[in-house]
Amino acid sequence: MVSGTLKGTTNGTSNNAARQATPAGRDDASSLRVVDVAKHFVAPDGADVHALEKCSLSVAAGEMVSLVGPSGCGKSTLLRLLAGLDRPSSGELWAGAERIEGPSAQRGLVFQDPNLFPWLTVRKNIQSGLVARGVLRERRHEVEDFLRLVGLEPFANAYPHQLSGGMAQRVALARALVNHPKVLLLDEPLGALDAFTRMRMQDEVLRLWRARGTTMLLVTHDIDEAIYMCDRIVLMTPRPGRIERIIDVQLERPRQRNSPDFLALRAEILEELHFAGRSAPVSR
Amino acid sequence: MPAHGIATLVADATQPADVESPAAASPAQNSQADRAAVAAPAATPPGKVARFGAVAFAPTVAAAIALAVHRWVPNGQKIDQPTRLYPRLLLILLVAGVVVGLTQQLWRRIKPTPWNFPLAFVSNALHWCVASAPVLAAGILLLCAWDLVTLKLALVPLPYFPGPDAVFQTLVNDWASSGQGQPGLAECMTSSLFLLLSGYFVGSFLGVVCGVMIGWFPAARYWGVPVMKLVGPVPATALIPMALMLFRNPTLSAVWLIALAVWFPVTMLTLSGVMNVRASYLDVARTLGAGRAYLIFRVALPAALPNIFVGLFMGLGSSFLTLVVAEGVGVQAGLGWYIDWARAYSDYAKVYAALIIMAAYFSTIMTLLFRVRDHVLVWQKGVIKW
């Protein structure tokens, strides 16, 4: 139970080791590398908060990896660091051969709250990435493709306040995808949706992932969602936030939510999180 | 419906709380109310529709009462030459009321129409007349009460409180020229409008620029906030002597004062809007590849717009105040000047005439700003309630 050094602890497959060994998959910038990263905050009351302690992680190009753990385990912090929105207190973050120094259109980010710009229509929200990079004129035709991709053509001219939660989140996805990011960072993107919308959206995200081959890093506290969607599951524990264990999910796709293997893996992860939560204070 | 007796008409006319009036009271809700009405026509009981029709005649009834009072109650105040203007106005209102009421009866019920529909303007104007019939009637009755208190019963002394008749006559007489070679009301209105608009646009433009700078750049905040704190709360009107001295030209100094009066609230509200932009909007924009210009002009500025409009409304109010005061000093035309000048001659009919114009004028400008706000902040629909 030593923090940080557990990065290699996987559910034992050569497959995963091979994936990690290859530094670059199809595309260099699509892989992510987190090397000994720590992040400390100073809380409003002056206390030093260790949001993330010595984390290391590699994500291969085209992989779908989820970060799972109770709140306060630093999974959102790690995602913000990868997005380049925050700088680490120590350690390095790499996107392919390039060090992450700030936000980039190469790494799209989708929050739990869709955060659509309320003053723009659906179409203009999706366009905003193109406008921001000054390539709207050449790439305007793609906007319609993305509208179609997320099935929101009839709502192209609606304002965000007229959309349901699921529709808004689909727009947020399309807005992040319009820049063709190499990596998509998803911070509990489906957390605020009801169970049915959520399952439909999971399939939708999977469809996008398969179609586009984008590397995806998904933060969630829904273990079922992690097992259903991801190649690997990174279990994290809080106080201080660190990576506890990395689990390979080797179930056939499309996965069955009630297959025995699925349920067994689910039980295992629950056990692991429970166990970790109980023993962590003791071992420190 | 036409079978309604006159007694019912009067009874209905005096009943202010009509089924439709809440919807008419706030134009923002009109369309929703309309949609609801279209969606469920059967839900409206026929009796209510019928009464709605009768209320359309309320202004007519009120005008008739006012006309009767003016015609048959003997004059209490001594006036040189009674004019026909006020009774004529009432007569026009009466006839118009009958026409609108009858149209309403014939068409059964005029609904607000989408603006792309042919004759939508006529239909919507008619609907407005019918929907605000109780308010119009109350206004006419207020005129009648004014007439009674002043001209008819002479409850208040004359040079200070002329009747509606005298005031309306002044409005017409002074339209082109106020006599003694002084500019008339029309010229005063254009002059005031010029001062107001130039001052307002300069002030609000500078306010938005300063607000964005101070809200966005820490350095601008460090140097700008102390200036804001010192200069902002000083009423622009207190700076009149300084403005006159600085600019020599009274028109220029008035523009400067109005701009200053607008600048402060617009700057304050803009900077608070920019500083309070949700951090996640900026985060999202940055992950979409936005540079600084995009963050300022396409995220912070639109996100601050609701706040900016609050500042623009506050600025408009203080610009009216500053306009009227500044016009009293040095400028040789304008509504503020006109009031000052008329008061010096104790011609109170002119004062009231100018006040009526001012009320109509300023409320129109205010309404226009509301329209602009509704258009610009259409994305906030359902959020804003003012």
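Residues numbered from 1 in each chain as written. Chains lettered and ligands numbered in written order. Predicted model: local features only at pLDDT ≥ 70, side-chain atom pairs only at ≥ 80, totals over all residues. Heavy atoms only, no water.

Description of the pairing of strand β2 (residues 48-59) of chain A
For a regular strand, side chains alternate in direction, first toward one face of the sheet and then toward the other. Residue and element names in this part refer to chain A. Across 8 bridges, the pairing between strand β1 (residues 32-42) and β2 is antiparallel. Directly across from V34, in β2, lies its bridge partner L57. Counted along the chain from β1 to the antiparallel partner β2, the turn is 5 residues long, and its residue G46 has a positive phi close to 95°. (Pairing = 2+ DSSP bridges. Helix = DSSP H or I, 4+ residues; strand = E, 2+ residues; numbered from the N terminus.)

Let's talk about the sheet that holds strand β5 (residues 98-99) of chain A
Strand pairing in a sheet relies on backbone hydrogen bonds, with the paired strands running either antiparallel or parallel. Residues and elements named next belong to chain A. Read from one edge of the open sheet, 4 strands run β2-β1-β4-β5, paired in antiparallel fashion. Across the chains shown, the open sheet's two edge strands, defined by having one partner strand only, are β2 and β5. Where strand β4 (residues 90-95) meets β5, 2 bridges bridge the pair, whose relative direction is antiparallel. Paired with W94 across the bridge in β5 is R99. Against the sheet, helix α2 (residues 75-83) makes contact with β1, β2 and β4, and its axis sits at roughly 115° relative to β1, the strand it touches most. (Contact = heavy atoms within 4.5 Å. Axes fitted to C-alpha atoms, helices over the stretch in contact; angles between N-to-C directions.)

Some points on the packing of aromatic side chains
All names here are of chain B. In the structure shown here, the tally under the stated rule is 16 aromatic pairs over all chains. Pairing Y338 with W341 gives two aromatic rings, centres 6.1 Å apart and planes at 45°, and the pair type is tilted. In this pair, Y338 and W341 both sit in helix α16 (residues 335-344), 3 residues apart, roughly one turn of the helix. Overall, the relative accessible area of 0% leaves Y338 in the buried class. Residue class for W341 comes out buried when judged on its relative accessible area of 10%. (Phe/Tyr/Trp six-rings, centres within 6.5 Å; stacked < 30°, edge-to-face > 60°. Buried < 20%, exposed > 50% of the residue type's maximum accessible area, 1.4 Å probe, protein only.)

Some remarks on the pattern of salt bridges
When charged atoms on two side chains of opposite charge get close, those side chains can pair. As enumerated under the stated definition, the model contains 23 salt bridges over all chains in all. The closest approach of N and O atoms between E63 of chain A and R232 of chain A, which form a salt bridge, is 2.5 Å. On the criterion of sequence distance, the pair formed by E63 of chain A in the loop between β2 and β3 (64-68) and R232 of chain A in strand β9 (residues 232-237) is long-range, its members being 169 residues apart. A relative accessible area of 0% means that R232 of chain A is categorised as buried. The shortest N-O distance in the salt bridge between D283 of chain B and R80 of chain A comes to 2.9 Å. (Salt bridge = Lys/Arg side-chain N within 4 Å of Asp/Glu carboxyl O.)

Section: the side chain of E63 of chain A
Here E63 of chain A falls in the buried class, since its relative accessible area comes to 2%. Polar contacts involving the side chain of E63 of chain A include one to the side chain of R232 of chain A, which spans 2.5 Å. (Polar contact = N/O pair within 3.5 Å; in protein donor to acceptor, adjacent residues only side chain to side chain.)

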